[in-house]
Amino acid sequence: MAGLSLRHIDKIYPNNVQAVFDFNLEIEDKEFIVLVGPSGCGKSTTLRMIAGLEEISAGELLIDGVYVNETLPKDRDIAMVFQDYALYPHMTVYDNMAFGLKLRHTPKDEIDRRIRDAAEILGITQYLSRKPRALSGGQRQRVALGRAIVREPKVFLLDEPLSNLDAKLRGQMRTEITKLHHRLATTFIYVTHDQVEAMTMGTRIVVMKDGYIQQVDSPQNLYDYPINMFVAGFIGTPQMNMFEGEITFNKKTAKVKFGENAITLSSKVVERIPESQRFDRPIILGVRPEDIHDDEDKVAEFKDSLFRGKIDVVEKLGSETLVYIAIDGKENDVIARVNPHSTIAVDTEVDLAIDINHIQLFDPSTERNIFMEEYVAPQVEEVVDAPAEETVEG
């Protein structure tokens, strides 16, 4: 069991390309931390620095308060699960799981106990005598997890462990890893580019872009209170709709105009805007697909926030319906998640209502959320030709 402190961590490669900038994070014991972001954002590089597979260029890494920058990977009491499983093909499942323990001269009876306990937890007892080639992708991933579990480490590091699985198996393994975290009550640090994995698994999520931390928060807070446009667009499927427009203030209310459409912000919404931000200017209005409605009750409730558009595509998904709407002044279609029994039809023009209580407003120049007064946008330097983390050799 361990807490970690990452203090002002930088990673600079020999060619002077910087992959991670001033990374600061305090991880509590037993947390499930997810590092998420697009390819090349520095998340796997950060994980490899924690593991000791990458040298830390600057800053301090502490595990349980102990400085470990120069500590060898084998002495950090950390277990890592890789994307490609990294199993020995000539060994049985049992021997793969036992290999690390044998190197540490663990007694045979203790090795056997740990392997059989881990196999029971993961449901792979019947596969202990098989070799990896006789297993499915999901079974191999369970073996890789089992090999980590038997070491009983202080910290589990998982680097995109589900990316090689099909969609159904990914869903199953997300659940299995979450249950495993609860059962083991150990610190997990998990890297993924898949925001669905991040939202469903993490107790806290670290959103990264171009080597910088953008925001650290619980999944729900990231969704409800994104600190900038990148976080707002990255978290959520389908992603948030962005409307470029103008905001004008009139006493306690405000109007946002985009194209030929205009919506009125109530005094309740305007009160959320810091006084220093209440001036007429260009604005970007952010609206989640589920906050756009076509049913009569919502249209009546939010009569001051209607916009008109033409239905381009209707996707009936059973549990929900996604509607793609062309509107004046917006290049890309607006996406709305409406009632699965909606009768909305292609090529019709309709009025849709925006739930103004859940909108976001962004400054076009800084891309910051103007509802969040204390936020200061980071000075992001462009990273050119940065190596993709997944291909970095230890």
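Residues numbered from 1 in each chain as written. Predicted model: local features only at pLDDT ≥ 70, side-chain atom pairs only at ≥ 80, totals over all residues. Heavy atoms only, no water.

Asks: Would you mind going over helix H4 (residues 137–149) with me for this structure?
Replies: Note that an α-helix has 3.6 residues per turn; residues three or four places apart therefore point the same way. Between the first and last C-alpha of H4 there are 18 Å, a value that for 13 residues agrees with the 18 Å anticipated at 1.5 Å per step. For H4, a buried count of 11 out of 13 residues is recorded, marking the element as mostly surrounded by other parts of the structure. Buried within H4 are the following residues: Gly 138, Gln 139, Gln 141, Arg 142, Val 143, Ala 144, Leu 145, Gly 146, Arg 147, Ala 148 and Ile 149. The inward-facing, buried residues of H4 contact strand E6 (78–81), helix H2 (93–103), helix H3 (108–122), strand E7 (155–159) and helix H5 (167–184). (Helix = DSSP H or I, 4+ residues; strand = E, 2+ residues; numbered from the N terminus. Expected span 1.5 Å × (residues − 1). Buried < 20%, exposed > 50% of the residue type's maximum accessible area, 1.4 Å probe, protein only. Contact = heavy atoms within 4.5 Å.)

Asks: Please explain the environment of Phe 234 as it appears in this structure.
Replies: You can see Phe 234 is positioned in helix H8 (residues 229–234). According to the relative accessible area criterion, Phe 234 is buried, its value standing at 17%. Counting along the chain gives 197 residues from Phe 234 to Gly 37, while the straight-line C-alpha distance between them is 7.9 Å. Dropping the residues within four chain positions of it, Phe 234 is found in contact with Val 36, Gly 37, Pro 38, His 193 and Gln 195.

Asks: Is there a simple way to think about the confidence of the model for the chain in this case?
Replies: Note: predicted coordinates in regions of low pLDDT should not be interpreted at a detailed level. Model confidence for the chain is summarised by a mean pLDDT of 91, while 94% of its residues fall at 70 or above. Below a pLDDT of 50 lies the segment residues 375–394, which in the model reaches 39 contacts outside its immediate sequence neighbourhood of four places, other chains included. (pLDDT = per-residue confidence, 0-100.)

Asks: How should the sheet that holds E7 be read in this particular structure?
Replies: By way of backbone hydrogen bonds, the strands of a sheet pair with one another, either parallel or antiparallel. Pairing is mixed across the open sheet formed by 6 strands, whose spatial order is E6-E7-E8-E3-E9-E10. Of all the strands in the sheet, the pair left with one neighbour each is E6 and strand E10 (212–217). Taking the axes of each pair of neighbouring strands and ignoring which way they run, one obtains an average angle of 15° across the sheet. Sheet topology places strand E3 (residues 32–36) next to strand E9 (residues 204–209); 4 bridges connect them, and they run parallel. Within E9, the residue paired with Ile 33 across the bridge is Arg 204. The sheet contacts of H4 involve E6 and E7, and relative to E6 the element is tilted by about 175°. The strands touched by H5 within the sheet are E3, E7 and strand E8 (187–192), with E8 carrying the most contacts at an inclination of about 160°. (Pairing = 2+ DSSP bridges. Axes fitted to C-alpha atoms, helices over the stretch in contact; angles between N-to-C directions.)

Asks: I'm lost on the sheet that holds strand E17 (residues 321–326) in this one. Help?
Replies: With respect to topology, 5 strands assemble into an open sheet ordered E15-E19-E16-E17-E18, the strand pairing being antiparallel. Edge positions in the sheet fall to strand E15 (292–293) and strand E18 (334–338), since each has one partner strand and no second. One ladder, built from 2 bridges, connects E15 with strand E19 (residues 349–354); its direction is antiparallel. Of the residues in E19, the one forming a bridge with Ile 292 is Ile 354.

Asks: Help me understand the packing of aromatic side chains in this model?
Replies: Aromatic ring pairs are defined here through the distance separating the ring centres and the angle between the ring planes. The full count for this structure, using the stated rule, is 9 aromatic pairs. Put simply, the rings of Phe 32, Phe 156, Phe 188 and Tyr 190 touch in pairs and so form one group of aromatic residues. The ring of Tyr 223 has Arg 288 lying over it, and the distance from NZ or CZ to the ring centre is 4.0 Å. Positioned above the aromatic ring of Phe 243, the side-chain terminus of Lys 330 is 5.8 Å from the ring centre. (Phe/Tyr/Trp six-rings, centres within 6.5 Å; stacked < 30°, edge-to-face > 60°. Lys NZ or Arg CZ within 6 Å of the ring centre and 35° of its normal.)

Asks: Even after reading the chapter, I still don't get the pattern of salt bridges, so can you show me in this structure?
Replies: Pairing is possible between side chains that carry opposite charge, provided their charged atoms lie close to one another. Counted according to the given criterion, the structure contains 20 salt bridges. Salt-bridge contacts for Arg 113 lead to Glu 152; the nearest nitrogen and oxygen are separated by 3.7 Å. Placement of Arg 113 in helix H3 and of Glu 152 in the loop between H4 and E7 is noted, with a sequence separation of 39 residues between them. The class of Arg 113 is partly exposed, set by a relative accessible area of 37%. With a closest N to O distance of 3.2 Å, Arg 281 and Asp 363 form a salt bridge. Pair noted here: Arg 281 is in strand E14 (residues 281–287) and Asp 363 is in the segment after strand E20 (360–362), with a separation of 82 residues, a long-range link. The pair formed by Arg 281 and Asp 363 is uniform in burial state, with each residue classed as buried. Beyond isolated ion pairs, a larger network of salt bridges with shared partners links Glu 110, Arg 113, Arg 114, Asp 117 and Glu 152. (Salt bridge = Lys/Arg side-chain N within 4 Å of Asp/Glu carboxyl O.)

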